[in-house]
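Here are the chains, one letter per residue:
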Amino acid sequence: MTVPSLRKLEFDLEVNKTTLHNWKKNRPKLFEFIIESYKNKEVLKKHLELLLEQKNLIEKEIVLTKDRIN
């Protein structure tokens, strides 16, 4: 899993780099929680993409099976 860039964090959280650096230094648990949340989000996104791909493959197989039957 990749760690989000500071720019991405700045944009998503609507804070500046200084705030992020302060969180990292003074509130490490908060900062780590934010990073872990992004990692979880990335994992969920990948799972969703895989499920959609699987759905498409199943739909294609259904169409092929219907064509063979008819």
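These figures come from a predicted structure and were not determined experimentally.

## Topic: the overall build of the chain
So, point 1. Scanning the chain for helices and strands turns up 3 helices and 0 strands.
So, point 2. Listing every helix and strand of the chain by position from the N terminus yields α-α-α.
So, point 3. Rg of the C-alpha trace for the chain: 21 Å, well past the compact-globule value of 11 Å for 70 residues, more than 25% over.
So, point 4. Projected onto its principal axes, the C-alpha positions of the chain cover 70 × 20 × 15 Å.
So, point 5. Taking all 70 residues of the chain together, 11% fall into the buried category.
So, point 6. Here the analysis covers contacts within the chain between residues at least 6 apart in sequence; of these, 47% occur between residues at least 24 apart.
So, point 7. A distance of 6 Å separates the average location of the 15 positive side-chain charges in the chain from that of its 11 negative side-chain charges.

## Notes on helix 3 (residues 28–69)
So, point 1. With 42 residues, helix 3 should reach 62 Å at 1.5 Å per residue; the first-to-last C-alpha distance of 61 Å fits that figure.
So, point 2. Residues of helix 3 that are buried include every one of F31, I34, I35 and Y38, and no others.
So, point 3. Buried-residue contacts for helix 3 involve helix 1 (6–13) and helix 2 (17–26).

## Quick notes on the packing of helix 2 against helix 3
A packed helix pair is summarised by two numbers, namely the angle formed by the two axes and the spacing between the axes.
So, point 1. One can describe the packing of helix 2 onto helix 3 by two numbers: an axis separation of 5 Å at closest approach and a directional angle of 115°. On helix 3, the residues that touch L20, W23, K24, K25 and N26 of helix 2 are P28, L30, F31 and I34.

What counts, and where the lines are drawn
Residues numbered from 1 in each chain as written. Predicted model: local features only at pLDDT ≥ 70, side-chain atom pairs only at ≥ 80, totals over all residues. Heavy atoms only, no water. Helix = DSSP H or I, 4+ residues; strand = E, 2+ residues; numbered from the N terminus. Rg over C-alpha atoms; globule rule 2.2 N^0.38 Å. Buried < 20%, exposed > 50% of the residue type's maximum accessible area, 1.4 Å probe, protein only. Contact = heavy atoms within 4.5 Å. Lys, Arg positive; Asp, Glu negative; His and termini not counted. Charge placed at Lys NZ, Arg CZ, Asp CG, Glu CD. Expected span 1.5 Å × (residues − 1). Axes fitted to C-alpha atoms, helices over the stretch in contact; angles between N-to-C directions.

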